[in-house]
Structures are given as structure tokens and as C-alpha cells.
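Notes for the structure review
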Amino acid sequence: MAAMLRREQDLRLAETTQILYADPAVDSIALTTQLQLQVVGEFGFPASHVQLLRAAKQLYSREELPLEQLPHYVRFNRSSRGDLRVGSAVPDVPLHWCSSAANPLAGPSSLLEIAAARQQRPLVVVAGSYT
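Residues numbered from 1 in each chain as written. Predicted model: local features only at pLDDT ≥ 70, side-chain atom pairs only at ≥ 80, totals over all residues. Heavy atoms only, no water.

So, about the nonpolar core. Membership of the largest hydrophobic core is limited to 11 residues, which are Ala2, Met4, Leu5, Leu11, Leu35, Val39, Val40, Val50, Leu53, Ala56 and Leu65. At the level of secondary structure, the elements contributing two or more residues to this core comprise helix 1 (2-13), helix 3 (28-42) and helix 4 (50-54). Broken down by element, the residue count for this core peaks at 4 residues, all from helix 1. (Core = buried A, V, L, I, M, F, W, Y, C linked by side-chain atoms within 4.5 Å. Buried < 20%, exposed > 50% of the residue type's maximum accessible area, 1.4 Å probe, protein only. Helix = DSSP H or I, 4+ residues; strand = E, 2+ residues; numbered from the N terminus.)

As C-alpha cells, then:
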């Protein structure tokens, strides 16, 4: 597994790959999937083994797969599936407003404040992030 993770990291850090990741027209998730499929194929495994590559940190102990051997994006990945389900109460999320002439900094400071102000009307939240 460590060898496959190192190979994936080498492919991700290759200059041609970095150029593709930097291109906003390229779907970075699809590109990563292609790289991971290439890696498992190079090691003689079927495409379904991509899931094992993605879950290496959770599947192996630190003794079996030292953290230093994991690519940077695996070591510092803090994302998780979470425990929200259909019908779950809305968690309170702090809001940070972008300032502009059309949108001054004033506004609700949390998701629950917005929900309370809307009373029984539906609320759709679209969010994203970038680095």
C-alpha cells in the first residue's frame, strides 16, 4: 500500500499533472480518479481497489503504514462522511459575510438565525470551498 501511495503522490506532483490541476476547465476529481485508477492498474489490481487506496489511512495502523509514508493530502485530510441524515436537525454554522457595496458586513451570524427568520418557509443552502 505504501508503494502505491508513493506512486500516486509522484503522479500528482508531476509537472504535467500540476498543470492540469491548475486549469479551471479540468475536473480535478475526475483527474484524481484517473491517476488512482492508473496506480492500482500498475500494481496489478482491479479498478475497485481504488477504494482501498483512498481509505488507506483508515484501514492500516500507523505501524503498518507510517504516517510519514502517506501523501500530504492523505495525512492532513480532515474530511469525514459526517452523521447528518434526512430529517436531522440543522446544525448551527457560523456565517462569514463578504463585504461589498451591495452586501455590507451586516447580516445574520449563523445558519440558525437565517432559518428562524424564515419561519416555516424552506431554506436552501448552497456552499462551497476552494484552496
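Structure shown, so let's carry the discussion forward.
Moving on, we come to the packing of helix 1 against helix 3. One can describe the packing of helix 1 onto helix 3 by two numbers: an axis separation of 10 Å at closest approach and a directional angle of 140°. Comparing their axes, helix 3 and helix 1 come out oblique. Taken as a pair, helix 1 and helix 3 cross one another with a handedness that is right-handed. Touching Met4, Arg7, Glu8, Leu11 and Arg12 of helix 1 are Thr32, Leu35, Gln36, Gln38, Val39 and Glu42, all from helix 3. Taken together, the residues of the contact of helix 1 with helix 3 sort by class into 4 nonpolar, 3 polar and 4 charged. (Axes fitted to C-alpha atoms, helices over the stretch in contact; angles between N-to-C directions. Parallel < 35°, antiparallel > 145°, perpendicular 65-115°, else oblique. Left-handed = near helix turned anticlockwise from the far one by under 90°. Contact = heavy atoms within 4.5 Å. Nonpolar A, V, L, I, M, F, W, Y, C, P; charged D, E, K, R; others polar.)

The next point concerns the environment of Thr17. Among the secondary structure elements, Thr17 is positioned in helix 2 (residues 15-22). Sequence-wise, Thr17 and Thr32 are 15 residues apart; in three dimensions their C-alpha atoms are separated by 9.4 Å. Dropping the residues within four chain positions of it, Thr17 is found in contact with Leu11, Arg12, Leu31 and Leu35. There is a polar contact of 2.8 Å between the side chain of Thr17 and the backbone oxygen of Leu11. (Polar contact = N/O pair within 3.5 Å; in protein donor to acceptor, adjacent residues only side chain to side chain.)

Here the focus is helix 3. Between its first and last C-alpha, helix 3 extends 21 Å over 15 residues, near the 21 Å set by a 1.5 Å rise per residue. Looking at helix 3, one finds that the buried residues are Leu31, Thr32, Leu35, Gln36, Val39 and Val40. In this structure, the buried residues of helix 3 make contact with helix 1, helix 2 and helix 4. Between the side-chain oxygen of the N-cap and the backbone nitrogen of Ile29 there are 3.0 Å, and the N-cap of helix 3 in question is Asp27. Backbone geometry just after helix 3 places Gly44 at a positive phi near 80°. (Expected span 1.5 Å × (residues − 1).)

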